[in-house]
Amino acid sequence: MAHVTSQGYAKVYNLLFGIAVFAMLIIFCLQLITGLIKCTPTALTRAALGLTKPVLGSFLKRPEFVGDS
């Protein structure tokens, strides 16, 4: 079982969280730019929904741990 309060776990979590936020910002900007190039009036809505679905999906997914019984 992982000790989620350990210093090493917190460092790895913070690093991965930072990378994920940066990747989501890039994806949001790319979706927004694509919508603006195509001149669609719903570009901002589509970009926001493009981020919302994966974020909600990641919260709903139950992590599988090896060794859980």
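Before going into details, it helps to say that this report is about the structure given with it. Computed from a predicted structure; not experimentally measured.

Rules used in this analysis
- Residues numbered from 1 in each chain as written.
- Predicted model: local features only at pLDDT ≥ 70, side-chain atom pairs only at ≥ 80, totals over all residues.
- Heavy atoms only, no water.
- Helix = DSSP H or I, 4+ residues; strand = E, 2+ residues; numbered from the N terminus.
- Buried < 20%, exposed > 50% of the residue type's maximum accessible area, 1.4 Å probe, protein only.
- Phe/Tyr/Trp six-rings, centres within 6.5 Å; stacked < 30°, edge-to-face > 60°.

1. Concerning the overall build of the chain
Scanning the chain for helices and strands turns up 2 helices and 0 strands. Of all 69 residues assigned to the chain, the portion counted as buried reaches 9%.

2. Regarding the packing of aromatic side chains
For any pair of aromatic rings, geometry is given as the distance between the ring centres together with the angle between the planes. All chains considered together, the criterion is met by 1 aromatic pair. Pairing Tyr13 with Phe17 gives two aromatic rings, centres 6.2 Å apart and planes at 15 degrees, and the pair type is stacked. Here the residue Tyr13 and the residue Phe17 both occupy positions in helix α1 (residues 7-37), the gap between them amounting to 4 residues, near one helical turn. For Tyr13, a relative accessible area of 49% translates into the label partly exposed.

3. Points about unusual backbone geometry
The phi dihedral of Cys39 falls on the positive side, at around 60 degrees, and the residue is not glycine. As for its position among the elements, Cys39 is in the loop between α1 and α2 (43-60). Under the relative-accessibility criterion, Cys39 is labelled exposed at 64%.

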